[in-house]
Amino acid sequence: MSHRFGFRGRGKGFTLVELLLVLAVLGLVFGLALPAISGGLRKAREARCASNLKQLGVAWMRFATDHDGRLPSIGWKNVAANWPNPGIREYVGLPSTSGSDPWQRETCFTCPVLQADPKTSTQEAFWRTYSVSKYASENYAAPSDAYKRYLNRIQRPSLFAVAMDGGYDPSRPANDRYTQSVSNDDAGKYLPQIQSPHQGFTHVLFGDGHVGKVNREQIDDKVQPSGNSSVFWRDP
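Note that the coordinates shown come from a computational prediction; the quantities given were computed from them, not determined experimentally.

Student: Break down the packing of aromatic side chains for me, citing the residues and quoting the values.
Tutor: For the structure shown, the criterion picks out six aromatic pairs. A centroid spacing of 6.4 Å and a plane angle of 35° characterise the contact between Tyr135 and Tyr147, whose relative ring orientation is tilted. You can see Tyr135 sitting in the loop between β3 (130–133) and β4 (161–165) and its partner Tyr147 sitting in the loop between β3 and β4, a full twelve residues away along the chain. The exposure classification of Tyr135 matches that of Tyr147, with both residues buried.

Take a look at the structure:
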């Protein structure tokens, strides 16, 4: 006895074999399309990450312009009037309220790739995923020439790192796993924390405002013997 599927009175319907064949073809097409869709989504997230860092770079420079060339602290998500840790919050269009509010989390301070990464993501959205290079800032509580302090002290801005995909520390609170700053002071501690979520590359904001991809080996190679500091980290 033949089984047919169709609406009564509309003539010949589909046989069970034909229906299964159609479903098999649709499954095959979906399987072939899925990698392309996933790749497109990943590229869109990477592009947004680079755009976020460029926006932060513009805000970093605007802060310096408004403060006679003086750089903000590593607390970028703070408002400029937050003493002694002024930030660039209002320069990226965020309201002057607490960064802990959930609706303020997925902003230009977070990389969409890291937000979605199952290896590092948590139940809560992160406050930030970018870390500031410690030397591209000012320590207002204890000013020191170990920091650049002023924009005009950066000698080779196109090679000097300002911020990057952050330092991940699983011991920190669930919504604050990424450190405010990173440096090459302690290579064994800080450098392994820096994430490389873009197919093995880290997005880095440089002192001239451009964003580049730096691979893991390049970041690790930035550590130099004492007295021969790297341009990437120290811009001697």
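That was the structure; now back to the text.
Student: Explain the confidence of the model for the protein chain to me, and be specific about the residues and the numbers.
Tutor: Of all residues in the protein chain, 78% attain a pLDDT of 70 or more, and the chain-wide mean is 82. No element of the protein chain has a lower mean pLDDT than strand β1 (residues 4–5), at 50, and none a higher one than strand β6 (residues 201–206), at 96.

Student: With reference to specific residues and values, describe the pattern of salt bridges.
Tutor: In total, this model carries ten salt bridges according to the counting rule given. We note a salt bridge from Asp145 to Arg149, for which the minimum N-O separation is 3.2 Å. Where Asp235 meets Arg156, a salt bridge forms, and the shortest distance between an N and an O atom there is 3.7 Å. Of the two residues, Asp235 is situated in the segment after α4 (216–221) and Arg156 in the loop between β3 and β4; the sequence distance between them amounts to 79 residues. Through salt bridges that share partners, Arg70, Glu138, Asp145, Arg149 and Arg153 make up one connected network.

Student: Tell me about the sheet that holds β4, and name the residues and values.
Tutor: Pairing is mixed across the open sheet formed by five strands, whose spatial order is β5-β3-β4-β6-β7. Each edge of the open sheet carries a strand with a single partner, namely β5 (181–182) and β7 (211–215). Of the strand pairs in this sheet, β3 and β4 are connected by three bridges, and their pairing is antiparallel. When the bridges of β4 are listed, Tyr130 appears paired with Asp165.

Student: Mind laying out the pairing of β3, listing which residues take part and the relevant values?
Tutor: Examined bridge by bridge, β3 and β5 share two bridges and lie parallel to one another. Across the sheet, Ser133 pairs through a bridge with Val182, a residue of β5.

Student: How would you sum up unusual backbone geometry? Please name residues and give values.
Tutor: A cis amide bond, omega 5°, links Trp83 with the succeeding residue Pro84. Turning to its location among the elements, Pro84 is positioned in the loop between α1 (16–66) and α2 (112–116). The backbone of Asp68 sits at a positive phi, close to 55°, despite the residue not being glycine. Tracing the sequence through the fold places Asp68 in the loop between α1 and α2. Residue Asp68 is classed as exposed on the basis of its relative accessible area, which comes to 72%. Unlike most non-glycine residues, Gln199 shows phi in positive territory, near 55°. Residue placement: Gln199 occurs in the loop between α3 (187–190) and β6.

Student: Which residues make up the nonpolar core, and what values go with them?
Tutor: Counting 34 residues, the largest nonpolar core has Leu56, Trp76, Ile88 and Phe109 as the members making the most contacts within it. Elements with a contribution of two residues or more to this core: α1, α2, β3 and β4. The leading source of residues in this core is α1, at eight residues. Those residues in contact with Ile88, other than ones at most four positions away along the chain, are Leu56, Ala59, Trp60, Phe63, Pro72, Trp76, Asn78 and Phe109.

Student: Can you break down the side chain of Arg149 residue by residue, with the values?
Tutor: Within the secondary structure, Arg149 is located in the loop between β3 and β4. Taking the relative accessible area as the measure of exposure, Arg149 reaches 15% and is therefore buried. A polar contact of 2.9 Å, which involves the side chain of Arg149, links it to the side chain of Glu138. When residues no more than four places from it in sequence are discounted, the contact partners of Arg149 are Gly69, Arg70, Leu71, Ser137, Glu138, Pro143 and Ser144.

Conventions and cut-offs
- Residues numbered from 1 in each chain as written.
- Predicted model: local features only at pLDDT ≥ 70, side-chain atom pairs only at ≥ 80, totals over all residues.
- Heavy atoms only, no water.
- Phe/Tyr/Trp six-rings, centres within 6.5 Å; stacked < 30°, edge-to-face > 60°.
- Helix = DSSP H or I, 4+ residues; strand = E, 2+ residues; numbered from the N terminus.
- Buried < 20%, exposed > 50% of the residue type's maximum accessible area, 1.4 Å probe, protein only.
- pLDDT = per-residue confidence, 0-100.
- Salt bridge = Lys/Arg side-chain N within 4 Å of Asp/Glu carboxyl O.
- Pairing = 2+ DSSP bridges.
- Core = buried A, V, L, I, M, F, W, Y, C linked by side-chain atoms within 4.5 Å.
- Contact = heavy atoms within 4.5 Å.
- Polar contact = N/O pair within 3.5 Å; in protein donor to acceptor, adjacent residues only side chain to side chain.

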